[in-house]
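Remarks on the overall topology
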Amino acid sequence: MKHKSPIITLLILILASCSTTRVLQEGQYRLKENRISIVNDPDFKVSQLSQYVRQQADPWSPGLLVYNLSSGKGGLFDRLFEKLGRAPVVFNPSLVESSKQNIRKRLEYLGYYDSNVDAQVITGKGLATVDYIVTLGRRYRIDSIVYKLPGGNPDFEADFFADTLGQLLKTGQFLSEEILEQESQRSAELLRNKGYFDFSKNNYFFSVDTLTPGFVKMEYAIKGYTRNESPEEDGPISRFSFGNVSISHSESVPFRENILKGYNLIKPGMTFSDDIVNTTYNRFSSLRIFNGVTMELSQSDSALVDCNIRLAESNRQGSKLNCELSYSSSALIGISPQISWYHKNIFHGGESLNIGFNGNFQYRPSDKVNSTELGVNATLSLPRFLGLPTSVFAGSNIPRTDIMASYNFQSRPEFTRNVANVAYGYNWRFHNNIFCQFFPLSATFVRLSRVDPEFEENLSHNPFMHDTYSSHFDAGMNGFIYHTTSTELVPKESYSYERLSLSLSGNFLSLFRRFMPTGKDGQAMILGAPYTQYIRGQLTLGRTFRVGRDAQNSIATRLDIGAGHAYGNSSYLPFEEQFYCGGASSMRGWQARTLGPGDSKQSQIFTIPSQTGDFKLEADVEFRFKMFWKIEGALFAEAGNVWNLKSEKLDLLRTIAADWGFGVRINLDLIVARLDLGVKAYDPGRDVGQRWIGPSQWLNTQSLALHFGIGYPF
């Protein structure tokens, strides 16, 4: 350990000596911070004004240090440092005045009139801080509202006044341009959904007169011309219906026309509605085969709107490759490659077929211990709910039917087994951010073809392990519901998600138990193996907060809890339904399946670790920060474990494990590749008194685990 101290000390000195202002010219300053203070209203949220400062501040980041390694002379290494790093924001005094004007305009938009904004610039040591001191202006309340609508159209008047309870403008409310904009947008959308095709928020005109100090009388007017037109262009506001409706797509994309007609909700003679147009757009987009959907609307006469739905071609076939690598303190190397091929229009009706091959190989060079897992799976997804016509579903998203089959071969030092699975079910989306999946039929058959005699002998002394690792037949139903506030692949804003899954097995088969043969342990058998009977649930809650300049950094959190209970024809959960911790996305101080259950030491029954339990609890927090170029850094801490509810006392405080670590990621927007190093902090599997792992043991190989993965861990 001693020989590493000079290196660490040298690195600290290099970082400490690297100024974030070294590349600045004489008289220049790096803009360190903008501060906004409100003089006369401590409850006003300054976050409403921060983005209107013309020059955003430049907080410290590793990218600044890298950029300042440049000498500024334009050499090869200078250009490299400047390319990889992030240039400091050089304070521009001329932007302070324009920032003050921006803030005043924003305050007026929010309803604070004649506000005062001052600024003070503080400089020193190459850094500049700007203080904006804001005195909020006067606000006016709405005393009364007078409506003026175009005459000659009683239907429009009736449609408008039917919505008065939903209006945002109320007497006694503070006046602001913001609320006027929101009201005109809201009301126009409602009226367009009632058939007024050539109508928009620009047909709304508001004017105010001062009655008494602090109050205004408002005129709420709608006119037959827009704000961008002159009164001479005034015309009637009429209700429209759909005229001709057509659907077109490339001839190179063969597609059954009856499917397209079923997805289309726009019919000739129907009253025009923006909601119908948008819903139809989303339905066609959900087919996944068309790269783009265009809804072309054109007025054919004074009361009709023609609609042409144009569907753009996309790539119908493709392949994907994914791989995860890991290395544990026990010198166990793991690699998990995955390759898949897909076709998005296999039967010319939007049916997608996905065929995948996956593997999991673990190898220890010192003693040539290895584990091999090979699998193949196929999923056929149909763009409709089998058993019900498409017309039953009037919303934007139509449930899809999934038919899946898979086969998995596992060869470990202790046993060889084969796993076959078939499933039939449905998945659909609600409101674009709620996803559901339900499989009323899911069957898995597990057959052990080889068992090591010593392993079998060890299992015979442990009922839990014996029942977990045996041939069995699993048939039941399962599903999950998932909600997220962002559907982006790599979200740019703060977001949260919740996922709840539930599995039930064996209840239907138990109705026919009297007709089944009985095994030596009294269990009912199917195909020579007992069927399983259990309930299993898992809840995952996650929240990611965007922080820092331009929200480039984030703090991600996750809580994961799961439990399973076997009953009836089973004493314990089958192995594939058990929970585990460790790996590239869970308790990264441990390799997969090497933690727990509880305070158990690593089982000697398995040459390659396989620690599992029927209850799991884990909490994670990770700080992700921008470094330079496409490189991101991460600091994380995790606490969790798995337990066997039937075989041990649940002592969470004493047996919950903890780790911390750091990682490096390459964020290419469409994909994130990461390398994480996890360090154990508290290991309940150690002897009492040795469970806390101090700094002197952090670099010990028994305390580290290295993981490579694709995508964020959570």
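Structure: see above.
Here is a short report on the structure shown in this document. Here the structure is a predicted model, which is why all the values come from computation and not from measurement.

A word on unusual backbone geometry
In this model, Gly596 is joined to Pro597 through a cis peptide bond whose omega is -5°. You can see Pro597 is positioned in the loop between strand S22 (553-566) and strand S23 (615-628). Of note in this structure, Lys125 is not a glycine but carries a positive phi near 55°. Considering the arrangement of structural elements, one finds Lys125 in the loop between strand S2 (116-124) and strand S3 (127-135). A relative accessible area of 84% means that Lys125 is categorised as exposed.

Considering the sheet that holds strand S5 (residues 204-210)
Within the open sheet, the 3 strands sit side by side as S4-S6-S5. Their pairing is mixed. Every other strand in the sheet has two partners, leaving strand S4 (141-148) and S5 as the edge strands with one partner each. Here the strands of the sheet are splayed against their neighbours by 25° on average, with no regard to which way each runs. Bridge analysis of S5 against strand S6 (residues 215-222) gives 7 bridges, and the strand direction is antiparallel. Bridging across to S6, Thr210 finds its partner in Val216. Across the sheet, helix H7 (residues 177-192) is in contact with S5 and S6; its angle to S5 comes to roughly 145°.

Some words on the pattern of salt bridges
By the definition in use, this model includes 30 salt bridges. Salt-bridge contacts for Arg186 lead to Asp163; the nearest nitrogen and oxygen are separated by 2.7 Å. Here the residue Arg186 occupies a position in helix H7, and Asp163 occupies one in the loop between helix H6 (154-161) and H7, the gap between them amounting to 23 residues. Exposure remark for Asp163: the relative accessible area of 11% places this residue in the buried category. For the salt bridge of Glu622 with Arg665, the shortest nitrogen-to-oxygen distance reads 3.1 Å. Of this pair, Glu622 sits in strand S23 while Arg665 sits in strand S25 (residues 657-667); the two residues are 43 residues apart in sequence, bridging distant segments of the chain. Across this residue pair, the class does not change: Glu622 and Arg665 are buried. Each of Arg588, Glu622, Arg624, Glu638, Arg665, Arg674 and Asp676 takes part in salt bridges that share partners, so that together they form one network.

Regarding the environment of Leu65
Turning to its location among the elements, Leu65 is positioned in helix H3 (residues 62-67). Distance from Leu65 to Gln602, taken between C-alpha atoms, is 44 Å for residues 537 residues apart in sequence.

Points about the sheet that holds strand S7 (residues 241-249)
Overall, mixed pairing links the 3 strands, which are arranged S7-S9-S8 in an open sheet. Looking along the sheet, the strands with just one partner apiece sit at the ends: S7 and strand S8 (292-299). Averaged over all adjacent pairs, the angle separating strand axes in this sheet is 15°, with direction ignored. Bridge count for S8 against strand S9 (residues 304-312) is 8 bridges, and the pairing is antiparallel. Paired with Gln299 across the two strands is Val305, which belongs to S9. Packed onto the sheet, helix H9 (residues 274-285) meets S7, S8 and S9 and runs at close to 155° relative to S8.

Quick notes on the packing of aromatic side chains
Counted according to the given criterion, the structure contains 31 aromatic pairs. Ring geometry for Phe160 against Phe161: centres 5.2 Å apart, planes inclined by 80°, an arrangement best described as edge-to-face. The buried category is assigned to Phe160, whose relative accessible area is 2%. Among the residues examined, Phe161 registers a relative accessible area of 38% and is labelled partly exposed. Centroid distance Phe615 to Trp643: 5.7 Å. Interplanar angle 40°. Geometry classified as tilted. Here Phe615 is found in strand S23, whereas its partner Trp643 is found in strand S24 (residues 631-643), with 28 residues between them in sequence. In this structure Trp643 comes out as buried when scored by relative accessible area, which is 0%. Linked through ring pairs, Tyr147, Phe156, Phe160, Phe161, Tyr196, Phe199, Tyr204, Phe206 and Tyr220 together constitute an aromatic cluster. Over the ring of Phe205 we find Lys223, and its NZ or CZ is 4.8 Å from the ring centre.

Cut-offs used in this document
- Residues numbered from 1 in each chain as written.
- Predicted model: local features only at pLDDT ≥ 70, side-chain atom pairs only at ≥ 80, totals over all residues.
- Heavy atoms only, no water.
- Helix = DSSP H or I, 4+ residues; strand = E, 2+ residues; numbered from the N terminus.
- Buried < 20%, exposed > 50% of the residue type's maximum accessible area, 1.4 Å probe, protein only.
- Pairing = 2+ DSSP bridges.
- Axes fitted to C-alpha atoms, helices over the stretch in contact; angles between N-to-C directions.
- Contact = heavy atoms within 4.5 Å.
- Salt bridge = Lys/Arg side-chain N within 4 Å of Asp/Glu carboxyl O.
- Phe/Tyr/Trp six-rings, centres within 6.5 Å; stacked < 30°, edge-to-face > 60°.
- Lys NZ or Arg CZ within 6 Å of the ring centre and 35° of its normal.

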